[in-house]
Amino acid sequence: MLSGSILLRSLSDSLQFGQALATVLPDDSICLLEGDLGAGKTTIIRAIAAALGANPGLVTSPTYTISNWYEGAASTIYHVDLYRLKSTHDLYAMDQDDWLNPAGPTFIEWPQIALPFLKDIPYLRMQLAKPAATSSQRHLSMTAASPFYENVFLGLNNHRADADE
């Protein structure tokens, strides 16, 4: 099991983290983002999408559309929000290619009901927590059960070491 955590002290830290993450993610990554409303999930996805060549102004939470697609420099980026779905049955009714990118990165907010579909697919799980209601800080924990994401953790550690110098 790969794991790590970071304290994002500000919006700027969250954006910088998203940009750094984009540089080390495999092209066909599946990233699950968990956290309360307002925890910063879409903010991080916006930073990742911008770093991958998409227009960050187009990145909004797809709460009502379920899935938004953004054209990046190398591929289409899928941004999925499963908040409104009630069960895995709702996902069975959808074409998997509508919410799981077959040729590029996928970012899924509120991913719990998708987990049965992902049991044989490597994914990176990110959990965002806001320490206080008035705070701009976020605590981000990342885990991956697959070595597929080992270079992500190595790359982020190298990025953090470079930033500390």
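Keep in mind the model is a prediction, meaning the values are calculated, not measured.

Parameters at a glance
- Residues numbered from 1 in each chain as written.
- Predicted model: local features only at pLDDT ≥ 70, side-chain atom pairs only at ≥ 80, totals over all residues.
- Heavy atoms only, no water.
- Helix = DSSP H or I, 4+ residues; strand = E, 2+ residues; numbered from the N terminus.
- Buried < 20%, exposed > 50% of the residue type's maximum accessible area, 1.4 Å probe, protein only.
- Polar contact = N/O pair within 3.5 Å; in protein donor to acceptor, adjacent residues only side chain to side chain.
- Pairing = 2+ DSSP bridges.
- Axes fitted to C-alpha atoms, helices over the stretch in contact; angles between N-to-C directions.
- Contact = heavy atoms within 4.5 Å.
- Phe/Tyr/Trp six-rings, centres within 6.5 Å; stacked < 30°, edge-to-face > 60°.

Engineer: Would you mind showing me how to read the environment of T63 here?
Structural biologist: Inspection of the secondary structure assignment puts T63 in the loop between α2 (41-51) and β3 (67-71). Note on T63: relative accessible area 19%, which makes it buried. Along the sequence, T63 and R84 sit 21 residues apart, while their C-alpha atoms lie 6.8 Å from each other. A polar side-chain atom of T63 sits 3.0 Å from a polar atom in the side chain of D81.

Engineer: What exactly am I supposed to notice about the pairing of strand β2 (residues 30-34) here?
Structural biologist: Extensive coverage of β2 is indicated by the burial of 5 of its 5 residues. Here β2 shows no split at all, with I30, L32 and E34 on one side and C31 and L33 on the other all buried. By the bridge criterion, 4 bridges tie β2 to strand β5 (residues 106-109) in an arrangement that is parallel. Following the sheet pairing, C31 is matched in β5 by F107. Summarising the sheet, β2 and strand β6 (residues 124-129) pair through 4 bridges and their orientation is parallel. Across the sheet, the residue bridging to E34 is Q127, located in β6.

Engineer: Even after reading the chapter, I still don't get α2, so can you show me in this structure?
Structural biologist: Owing to its 3.6 residues per turn, the α-helix brings residues three or four apart onto one side. All of the buried residues along α2 are K41, T42, I44, I45, A47, I48 and A49. The positive-phi residue at the C-terminal boundary of α2 is G53, with phi of around 95°.

Engineer: Looking at this model, I keep getting lost on the sheet that holds β3. Mind explaining?
Structural biologist: Backbone hydrogen bonds hold the strands of a sheet together, and the pairing may be parallel or antiparallel. Taken in spatial order, the 7 strands line up as β1-β7-β6-β2-β5-β4-β3 in an open sheet, and their pairing is mixed. Bordering the open sheet on either side are β1 (2-8) and β3, each of which pairs with just one other strand. Sheet twist, expressed as the mean angle between neighbouring strand axes with direction ignored, is 15°. Alignment of β3 against strand β4 (residues 76-81), held across 5 bridges, turns out to be antiparallel. Looking at the pairing, W69 lines up with Y78 of β4. Packing of helix α1 (residues 11-24) onto the sheet brings it into contact with β1, β6 and β7 (138-144), and relative to β1 it is tilted by some 150°. Where α2 meets the sheet, its contacts fall on β1, β2, β4, β5, β6 and β7, and the angle it forms with β5 comes to roughly 170°.

Engineer: Would you explain the packing of aromatic side chains in this entry?
Structural biologist: The relation between two aromatic rings is expressed through the spacing of the ring centres and the mutual angle of the planes. Taken as a whole and assessed by the stated rule, the structure comprises 5 aromatic pairs. The structure contains a cluster of three or more aromatic residues connected by ring pairs, namely Y92, W99 and F117.

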